[in-house]
Amino acid sequence: MLGVQVDMAEHTPDYPPRTPPPPKRPLSPPRPETGLQGARARMQVRNRRSANWSLEAAPWSARKATGHVLDRLHEWGYREADQAAADLTDLLVRTAVADGGRRVSVHLADQDRQALIVALSHQPGPAATDAVLPELTALGAVACGTDTADDGRRLWAILPL
């Protein structure tokens, strides 16, 4: 040793550099932009009475849905169109069950002495035929329609009460 003395306290190296602590929440990528092109808005019923039921897609679902719809219409004071409401609900739900999904949603709303009855199949797939529409009008629907999106086919009918 040649007599060189180095004070280690004064000479601390800056390597490796300090790294910042990890973030408390992991960073997530930005949410994709969802435009309305090609997408269907969720079903919303506002400023009127409404009810909905989710049922298993089974052969007995139409009968069960018909009971729910008639019970609710009776609660709301409508008894005049029982047979037409039962027939429309039965056809809408049977058609939705035939689409092959695992469940069926039934929605009911009233406004100006008219009832809107909707069945949603929750089965994505190609667009189905509109062959059921003439049957709905024959059962008393003043308006009816169908559309298909990623969440399945929606069938609807408006019935005067």
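Treat the numbers as computed from the prediction; the structure is a model and nothing was measured.

Caption draft 1: The arrangement of the overall build of the chain in detail. The helix and strand inventory of the chain stands at 3 helices and 5 strands. From first element to last, N terminus to C terminus, the chain shows the α and β order β-α-α-β-β-α-β-β. The buried share of the chain, taken over its 161 residues, is 32%. When contacts within the chain are restricted to residue pairs at least 6 apart in sequence, long-range pairs at least 24 apart make up 65% of them. For the chain, the exposed area adds up to about 11,600 Å²; of that, 53% sits on carbon and sulfur atoms.

Caption draft 2: Broad picture of the packing of helix 1 (residues 61-75) against helix 2 (residues 82-98). At a closest axis distance of 8 Å, the pairing of helix 1 and helix 2 adopts a crossing angle of 145°. For the pair helix 1 and helix 2, the crossing hand works out as right-handed. Counting all contacts with helix 1, which are made through S61, A62, A65, T66, V69, L70, L73 and H74, the residues of helix 2 involved are D82, A85, A86, T89, D90, V93, R94 and V97. Each residue belonging to the contact of helix 1 with helix 2 can be placed in one class, and the counts come to 9 nonpolar, 4 polar and 3 charged.

Caption draft 3: Up close: the pairing of strand 4 (residues 143-149). With 7 bridges joining them, strand 4 and strand 5 (residues 152-160) adopt antiparallel strand pairing. Its bridge partner being in strand 5, G145 is matched across the sheet by W156. The antiparallel hairpin formed by strand 4 and strand 5 contains 2 residues in its connecting segment.

Calculation notes
- Residues numbered from 1 in each chain as written.
- Predicted model: local features only at pLDDT ≥ 70, side-chain atom pairs only at ≥ 80, totals over all residues.
- Heavy atoms only, no water.
- Helix = DSSP H or I, 4+ residues; strand = E, 2+ residues; numbered from the N terminus.
- Buried < 20%, exposed > 50% of the residue type's maximum accessible area, 1.4 Å probe, protein only.
- Contact = heavy atoms within 4.5 Å.
- Areas by Shrake-Rupley, 256 points an atom, 1.4 Å probe, with all protein chains shown as cover.
- Axes fitted to C-alpha atoms, helices over the stretch in contact; angles between N-to-C directions.
- Left-handed = near helix turned anticlockwise from the far one by under 90°.
- Nonpolar A, V, L, I, M, F, W, Y, C, P; charged D, E, K, R; others polar.
- Pairing = 2+ DSSP bridges.

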